[in-house]
Protein chains: 2
Amino acid sequence: MQNLTTDRPTFVTHLECGKTGTHYAADQLHGLSEVGSPLIVRYDLQGIAKAVSKDELQSRPADLWRYREFLPVRRTSNIVSLGEIMTPLIELASLQAGQGRLIVKDEGRLPTGSFKARGLCMAVSMAKELGVTKLAMPTNGNAGAAMAAYASRAGMETFIFCPDDTPEINVREIAAQGAKVWRVNGLINDCGKLVGEGKEIHKWFDCSTLKEPYRIEGKKTMGLELADQFDWDLPDVIFYPTGGGTGLIGMWKAFQELKAIGWVKGRLPRMVAVQATGCAPIVKAYDNQQQHAELWPNAHTVAAGIRVPAAIGDFLILDAVRESDGFATAVTDEAILSARDEASRKEGMLMCPEGAATLAAYQQELESGRVSADETCVLFNCATGLKYPLPAMDERIDLSEPVDFASF
Amino acid sequence: MQNLTTDRPTFVTHLECGKTGTHYAADQLHGLSEVGSPLIVRYDLQGIAKAVSKDELQSRPADLWRYREFLPVRRTSNIVSLGEIMTPLIELASLQAGQGRLIVKDEGRLPTGSFKARGLCMAVSMAKELGVTKLAMPTNGNAGAAMAAYASRAGMETFIFCPDDTPEINVREIAAQGAKVWRVNGLINDCGKLVGEGKEIHKWFDCSTLKEPYRIEGKKTMGLELADQFDWDLPDVIFYPTGGGTGLIGMWKAFQELKAIGWVKGRLPRMVAVQATGCAPIVKAYDNQQQHAELWPNAHTVAAGIRVPAAIGDFLILDAVRESDGFATAVTDEAILSARDEASRKEGMLMCPEGAATLAAYQQELESGRVSADETCVLFNCATGLKYPLPAMDERIDLSEPVDFASF
């Protein structure tokens, strides 16, 4: 059987504070930096470039571990894997009128049905490498399921806190994956506070978004994979559904690393942070030219995964958006649901609401002129649409008996 | 961007009746043979062996179209694809006590979340090639969703009939993918009769299991892929959840074709047809040494995908099981649900009920001695577990406020 996790040399040199640049030692357990900022993993990039070539990469199995030299796990035996396959690119030809291409990267094919698997397989593997046995997290659903699945597989205990309006299907999934789960009367930040209290008492390791350094490295593989799939000639624009923003930050980091070793050249994709009009702190900060975002009051949207009123990495998201010459934009719930229906009905591509938000944003910005139909745009569908409730669609479902074959 | 559907030579010579061997012309529209038996697609296998090598295959993108020479679609432009990635192999180490390996092939990663995508992408592509514009099918859920998705993408109309106890989530998914759906007061065979009536009136093409010749060719890729992933040295035993049985028949056909060109040698895997005790026509026919199965009355099981009281390819399933020195076995709903819980809780692998039935069967037959813990066994998880309702799991979900950190 193919071994997806062959031993490879590793190149992590140190971690550094995302705000001050202060160095922290590799191979030690870290949370946030001393000033409360996310830690960024740094590599000997020239060492990577000497150790591996593009051709060599493309001869390896098509999964996340293909990019092993760009990743932090030192020892193969610490890799906790549930089959992180390279996610496919799916063209939406009928929704594109110009010379460009409109392509969905379907992250719903990953373990536990969402892109959260990328970050959590890395976080759990590193937790294993660093001797952690108890993990905790606040979650709107998909991240918790991914953490629980990988941690249970690694023999670790998990403690997970969900807002009490998290759909029952997600809460049960997390419990089924072996976690102890709490439903909390509050939003994701309230859940985060409970993780903070619990970890003082029970020595849990906190896997909250960007509070541990390795989820971002896992999410970085979205950028590596995209470059690989586009033959190292990246698309013009990337639309990314933005809650905590780890993926957007991670992809931008991937592009910088690839540029540093000369594997990608020229202009990088414009990064577009997509939010919902009911919870758009990054859009507001972008529009107001602020470095940080303010807490968004009374956050609400049908796309629960981007209902994040305050993101600890807000400044990193805004930096990436601005450096790339991209922008941040918000779409209504109505536009999200309409885009979801259109993609599945016309193209057989059932997106999750957060993914559908990127299609709605594409359509909105085509209209506004901030993108053109001659540009190649990639939309991130961050989870399988099958996890989310669908409308009744009475006009397409017939209950009449007997079937009246003459009526259609 | 990688082109997954490069032009390749094709090798179909003809179709033949599965019962009488009578030949039928390729490149024409066919349903069942004159004697009402499924048609089997035949290839110039030596031509394939000359045109492509194992090494050449492994240099291609890791998806179903990698095996293009073994498949019936003539023209690349007729391929209707939603990203049929190579599905991963996931080891269940903690559930294996001996020297063998216990491996799940996770088909839930395919488009529309199930292995039905393999058969239907092939059937719809061939329908496109042969000029069909209206497709119909009876379905318990997943096949209908797959057909609707591919057909909508190809611009075809679809007419789908579901038993009225099909879960609402599946019916809505089918409608969301653009189909016209009926809920029918009856089981899958009653739905099949309605397709029969409708096609006379409306000239629908009937995509029922094995009533068109190409779904089996799509399912065959499970066998090709497995051989490829095991470096052409196949596992000892394959446990397959068996309803209509297209996949079991298709895999066995793949192994015969690979053996004919010398790519696999020696003993082939023992094929185990897994059914539920509430609907086990193939098991009964196997035990009674019959060539055909009798209709199973009052079929019921939590694993709706294998609730098929009568399979048109029953004799082909029984042939494959017997030729391979395998067997047919049935498991209880209780064992299915317990196996599902064990795999997700211990290994982070959330299976669908039909997939969990194969784990239950493995455990049962380890006990009975029909398989040994020193054999490498592959279990087919035919769909994502996320589509199916999970139990309440009250013991793992805590609703108490405030959180009592001292209590655990």
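Residue indices follow the written sequence of each chain, beginning from 1 at its first position. Starting at A for chains and at 1 for ligands, labels are handed out in the order in which the entities are written. Predicted model: local features are reported for residues with pLDDT of at least 70 only, side-chain atom pairs are reported and counted for 80 or more only, and whole-chain, interface and lining totals are derived from all residues.

## Regarding the relation of the copies chain B and chain A
Expressed as a screw transformation, the operator carrying chain B onto chain A has a rotation angle of 180° and an axial translation of 0.0 Å, and the superposed copies differ by an RMSD of 0.0 Å. Both copies of the chain, as the preceding transformation shows, are related through a two-fold rotation axis. In terms of proximity to the rotation axis, the leading residue of chain B is Arg109(B), whose C-alpha is 2.4 Å off the axis. A residue pair is marked as a contact if its C-beta atoms, positioned from the backbone, fall within 7 Å. When the interface residues of chain B are mapped onto chain A, 98% of them are again interface residues, pointing to one common binding face. The superposition of copies rests on a least-squares fit of C-alpha positions from residues with pLDDT of 70 or more in both.

## Regarding the sheet that holds strand β14 (residues 397-398) of chain B
In spatial order, the strands read β9(A)-β6(A)-β7(A)-β8(A)-β14(B); together these 5 strands make up an open sheet with parallel pairing. The open sheet has two edge strands, β9 (205-206) of chain A together with β14 of chain B, and neither has a second partner. Of the strand pairs in this sheet, strand β7 (residues 157-163) of chain A and strand β8 (residues 180-184) of chain A are connected by 5 bridges, and their pairing is parallel. Bridging from a neighbouring strand, Ile160(A) pairs with Val181(A) of β8(A). Sitting on the sheet, helix α6 (residues 188-202) of chain A touches β6 (134-138), β7, β8 and β9 of chain A, and the angle it makes with β6(A) is about 160°. Strands pair, by our definition, only if DSSP identifies at least two bridges between them. The helix and strand labels rest on DSSP assignments: H or I over at least four residues marks a helix, E over at least two residues marks a strand, and numbering proceeds from the N terminus. Each axis is a line fitted through C-alpha atoms, and for a helix only the stretch in contact is used; angles between axes span 0 to 180 degrees, taken between their N-to-C directions.

## Considerations on unusual backbone geometry
Trans is the common state for peptide bonds, and a negative phi is the common state for residues other than glycine. A positive phi is found at Asp325(A), a non-glycine position, where the angle reads about 70°. Here Asp325(A) lies in the loop between α10 (314-323) and β12 (327-331). Of note, the phi angle at Asp231(B) is positive, near 50°, even though the residue is not glycine. Mapped onto the fold, Asp231(B) is located in the loop between α7 (215-229) and β10 (237-241).

## Some words on the sheet that holds strand β11 (residues 270-276) of chain B
Residue and element names in this part refer to chain B. Read from one edge of the open sheet, 6 strands run β4-β5-β13-β10-β11-β12, paired in mixed fashion. Every interior strand has two partners, whereas the edge strands, β4 (89-91) and β12 (327-331), have only one. When strand polarity is set aside, the average angle formed by the axes of neighbouring strands in this sheet is 25°. Pairing geometry for β4 and strand β5 (residues 102-106), over 3 bridges, is antiparallel. Bridge pairing links Ile-90 to Val-104 in β5. Most of the contacts of helix α10 (residues 314-323) go to β11, to which it runs at about 130°, and overall it touches β11 and β12.

## Here's the deal with the domain arrangement of chain A
When the parts of a complex come together, some accessible area is lost, and that lost area is often used as the size of the interface. Residues and elements named next belong to chain A. Its domain assignment divides chain A into domain 1 (12-78), domain 2 (89-111 + 214-385) and domain 3 (116-206). Note that the domain bounds were set by an automatic or database domain assignment. Between domain 1 and domain 2, the C-alpha centre-to-centre distance is 23 Å. In this complex, domain 1 contributes 14 residues to the contact, which on the side of domain 2 involves 13 residues. At the level of elements, α1 (45-51) and α2 (54-58) are the ones that each hand at least two residues to the side of domain 1 that touches domain 2. Of the residues forming the side of domain 1 that touches domain 2, the biggest block, 4 residues, is contributed by α1.

## Describing the interface of chain B and chain A
Across the contact, 55 residues belong to chain B and 55 residues belong to chain A. Contributing elements (two or more residues each) for the side of chain B that touches chain A: β4, α4 (142-153), α5 (168-176), β8 (180-184), α6 (188-202), α11 (333-347) and β14 of chain B. Amino acid classes used here: Ala, Val, Leu, Ile, Met, Phe, Trp, Tyr, Cys and Pro are nonpolar; Asp, Glu, Lys and Arg are charged; the rest, including Gly, are polar. Looking at the side of chain B that touches chain A residue by residue, the classes come out as 26 nonpolar, 12 polar and 17 charged. Note: β8(A) against β14(B), 2 bridges, orientation parallel. Residue pairing in the sheet places Val181(A) in a bridge with Ile397(B) of β14(B).

## A closer look at the pairing of strand β1 (residues 12-17) of chain B
Residues and elements named next belong to chain B. Here β1 runs beside strand β3 (residues 39-43); their pairing, made up of 5 bridges, is antiparallel. Considered in β3, the bridge of Leu-15 is made with Val-41. Taken together, the 3 bridges between β1 and strand β2 (residues 23-25) define a ladder with antiparallel strand orientation. Looking at the pairing, Leu-15 lines up with Tyr-24 of β2.

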